[in-house]
Structure formats: structure tokens, C-alpha cells
Amino acid sequence: MSDLVEPAVTAIQVDYQAIGVEAAQLLLERLRNRMDPSPRIIKFDSTLVIRRSCAPPSASLRARVT
């Protein structure tokens, strides 16, 4: 989708499959009454994908603004 927007937008890339697998496992544990219902923190890796939306304005844009 980033190729549809100009400038390309910076985004966070996450592993949705890993999140889904963990969510399914937690649900199954809860349904089997094996899980302590207290809140817990589960962390997943993520990657910052820096694209041109984080770059300084191009010279042509700076010329039009000033």
C-alpha cells in the first residue's frame, strides 16, 4: 500500500501471524480453564520501516513554500 502514497509513508511492521497464534493459544487456554485470568504483558517484535515521509522536504517543495 505504501507504493500508492507519495511520499511513501513510514510505518511499523509487525508479525500479525505471531500475534494471531498467541491470541488463539491464550483463548484456548482460557476456554480450558488452564490460564490465570489476571492481565499479562506479551511483547512482539516490530520494525520501523522508514520511508520518504520522514525525510526533509525536497528542494522543489522548499522553493514553493518560501
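Each remark here, short or long, concerns the structure printed above.
Just so it is clear, the model here is predicted, and its values are computed rather than measured.

Per the secondary structure count, the protein includes 2 helices and 2 strands. The order of helices and strands in the protein, counted from the N terminus, is β-α-β-α. Looking at the protein as a whole, 6% of its 66 residues are labelled buried. The long-range fraction of contacts in the protein, counting pairs at least 24 apart against all pairs at least 6 apart in sequence, stands at 77%. Here the protein displays about 6,000 Å² of accessible surface, and carbon together with sulfur accounts for 58% of that area.

With that settled, the discussion passes to the side chain of Thr 10. Within the secondary structure, Thr 10 is located in the segment before strand 1 (11–14). Sequence-distant contacts of Thr 10, defined by excluding residues within four places in its chain, comprise Leu 48, Val 49, Ile 50, Arg 51, Ser 53 and Cys 54.

For helix 1 (residues 16–31), which comprises 16 residues, the first-to-last C-alpha distance of 22 Å matches the rise-based estimate of 22 Å (1.5 Å per residue) to within 8%. Its side-chain oxygen 3.2 Å from the backbone nitrogen of Gln 17, Asp 15 forms the N-cap of helix 1. Looking one or two places after helix 1, you find Asn 33, whose phi comes out positive at around 60°.

What follows deals with a nonpolar patch on the surface. There is a patch of nonpolar side chains on the surface, built from Tyr 16, Ile 19, Ile 42 and Phe 44 and spanning about 380 Å² of accessible area. Inspection of the secondary structure assignment puts Tyr 16 in helix 1. Take Tyr 16: its relative accessible area is 63%, and that puts it in the exposed class.

Definitions and limits used
In this convention, every chain numbers its residues from 1, walking through the sequence in written order. Selection of residues for local features in this predicted model requires a pLDDT of at least 70, selection of side-chain atom pairs for listing and counting requires 80 or more, and totals for whole chains, interfaces and linings are taken over all residues. Water and hydrogen atoms play no part in the side-chain values, which are based on all heavy atoms of the structure. Only DSSP runs of H or I reaching four residues or more are called helices, and only runs of E reaching two or more are called strands; each is numbered from the N terminus. For every residue, the accessible area obtained with a 1.4 Å probe (protein chains only) is divided by the maximum for its type, and the residue is called buried under 20%, exposed over 50%, and partly exposed between those limits. Here a residue-residue contact requires only that any non-hydrogen atoms of the pair lie within 4.5 Å. Only the protein chains shown count as covering a residue, and every accessible area follows the Shrake-Rupley method with a 1.4 Å probe. One less than the residue count of a helix, multiplied by 1.5 Å, gives the span that helix is expected to have. Definition of a polar contact: a pair of N or O atoms within 3.5 Å, with one able to donate and the other able to accept a hydrogen when the atoms are protein atoms, and with sequence-neighbouring residues admitted only if both atoms are side-chain atoms. A patch consists of residues exposed above 30% relative accessible area that lack any salt bridge, with like charges linked at up to 9 Å and nonpolar side chains (Val, Leu, Ile, Met, Phe, Trp, Tyr) linked at up to 5 Å. For this document, the term salt bridge refers to a Lys or Arg side-chain nitrogen within 4 Å of an Asp or Glu carboxyl oxygen.

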